[in-house]
Amino acid sequence: MKILFVGSECAPFIKSGGLADVLGSLPKALVQQGVECSVVLPKYRDMKFADTLEFVTSYYIWVSWRREYCGIFKTVLDGVTFYFIDNEHYFGRPGLYSYDDDNERFAYFDFAVLEMMSHLDIKPDILSLHDWQAAMIAPLYKERYGYYEFYRNIKITFTIHNIAYQGKADPRLINDLYALGDHLYYNGNLRNDNCFNMMKSAILYSDLVTTVSPTYANEILTDEYGEGMQAILNMKRDRLIGILNGIDYDTNNPETDPNILYHFNIDNWKEEKVKNKLALQRELGLPENPDIPLIGIVTRLTWQKGLDLIFDKIEELLNRDVQIVLLGSGDRHYEEGLSYWAGVYPEKFSCNLKYDFPLSCRIYASCDMFLMPSLFEPCGLSQMMSLRYGTIPIVRETGGLKDSVTPYNEYNMTGTGFSFAHYNSDEMMSVIDYATHIYHDKAHWNHIVASAMSEKLDWEASGKQYIEAFESLLNE
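The text that follows walks through the structure, step by step, so that each part is easy to find. (Residues numbered from 1 in each chain as written. Predicted model: local features only at pLDDT ≥ 70, side-chain atom pairs only at ≥ 80, totals over all residues. Heavy atoms only, no water.)

## A closer look at helix H14 (residues 357–366)
Point 1. Where burial is concerned, most of H14 is hidden: eight out of the 10 residues are buried.
Point 2. Residues of H14 that are buried: Leu359, Ser360, Cys361, Arg362, Ile363, Tyr364, Ala365 and Ser366.
Point 3. Buried positions along H14 lie against helix H11 (269–284), strand E13 (294–298), strand E14 (323–327), strand E15 (349–352), strand E16 (369–372) and helix H15 (382–388).
Point 4. Between the side-chain oxygen at the start of H14 and the backbone nitrogen of Leu359 there is a gap of 3.1 Å, and the oxygen is on Asp356. (Buried < 20%, exposed > 50% of the residue type's maximum accessible area, 1.4 Å probe, protein only. Helix = DSSP H or I, 4+ residues; strand = E, 2+ residues; numbered from the N terminus. Contact = heavy atoms within 4.5 Å. Polar contact = N/O pair within 3.5 Å; in protein donor to acceptor, adjacent residues only side chain to side chain.)

## Topic: the pattern of salt bridges
Point 1. Considering all chains together, one arrives at 28 salt bridges under this definition.
Point 2. The shortest N-O distance in the salt bridge between Lys277 and Asp368 comes to 2.7 Å. One end of the pair, Lys277, is in helix H11; the other, Asp368, is in the loop between H14 and E16, with 91 residues separating them in the sequence. When sorted by exposure, Lys277 lands in the same class as Asp368, which is buried. (Salt bridge = Lys/Arg side-chain N within 4 Å of Asp/Glu carboxyl O.)

## Some thoughts on the environment of Val449
Point 1. Relative to the assigned elements, Val449 resides in helix H18 (residues 442–454).
Point 2. When the C-alpha positions of Val449 and Ala169 are compared, they lie 47 Å apart, and in sequence the two are 280 residues distant.
Point 3. Beyond its immediate sequence surroundings of up to four residues, Val449 is in contact with Trp269, Gly390 and Ile392.

## Points about the packing of aromatic side chains
Point 1. Taken as a whole and judged by the stated rule, the model has 29 aromatic pairs.
Point 2. Positioned over the ring face of Tyr439 is Lys442, at 3.7 Å from the centre of the ring. (Phe/Tyr/Trp six-rings, centres within 6.5 Å; stacked < 30°, edge-to-face > 60°. Lys NZ or Arg CZ within 6 Å of the ring centre and 35° of its normal.)

## Some details on the side chain of Thr391
Point 1. Along the chain, Thr391 falls in the loop between H15 and strand E17 (392–396).
Point 2. Side-chain polar atoms of Thr391 contact the backbone oxygen of Tyr364, separated by 2.5 Å.

Written out as structure tokens, the structure reads:
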């Protein structure tokens, strides 16, 4: 089986969110199970390892009426071949997104991927598309490319990483960027919510739609979580599956992580993890205390991540016998509010308003608990990383959080974390209090940490599910 993954970011080359982690680790896991995998993404100005890439070829392509340069670079990492689409006009600029011409940039990318396949004689069995930036490859293939001999009999899958980001645009772009014709808008194939909707297009034109956890696959069928796409997804529900993301256990490894001071495993964590805790307290200016519960939060500061619940209870929480370490950036009103409370409680709250990957690793390795009270969470990787490092997650039961964290039962001593069902700050606070109560009972706490570190949330099982889904598609 040959699979070509298409997305707008991929670790370790460039990352802004969980999509990059998935495209960096899922193909690697599938290769280990005997699948031939390639990944294609834009060649951004800010990407890492650009000087190690091999130039392959260049040519010109048409994006509707525009004639554009297309260069192809590649490299091989962990058995996966990575291709990079080079165009200085579209990608030779800082960052990844949030430009006024993003629709045109990724229309170019979508055409470039399809043209690259024939230029390099790459014909996959499965073309795996990820999020709205790659979504229009599905209708382009079915309406234009699939009729040519080279392109025939390729199966298209589309993965929804977050249904809130759908690629909504002006209907005029259908002709201006894709030359697909207005009839596809008026017949509903490319239209949703009275606009051109790229995600809907991919859902309709794909042979299989996947998303990043089983619970999220069920949630997006409802009015509460479907973001206006629920009716379309219910039409395709026999072609919709949820497969829980994993994390790369080679990268996220407390025994080898170069960003932490003291390495540990399930056998010596009681001696070594606390050393990281004291070092982090010292680094961030908190009183060094091995016994106080240290709660970590690593997040984008947006409404999705449950910041409203935290704000509602932040003063009450800081009046408990706890310390809090927060790392993240985002909406200004959240940043300003958190900075205020860090100033009021400097010995209990360290607020770090930035992106800092090494510090995030030290938070995962050093804290006792990890708070993640998301309003919705398609999958989430932070809770999996915290489990890997023996930091016990406190989560709301939604999406991948529900699928990856088993609530602790003190009576039979089972479970890997703590959870609450409703988006309610009192319920969250009650669970935090329960977690800190269990923390001070070392027999229970040591057991739950050992259970968390024993949990297997890498890509092995999820990779097998992807292979089964892809093989089923090919056998139709």
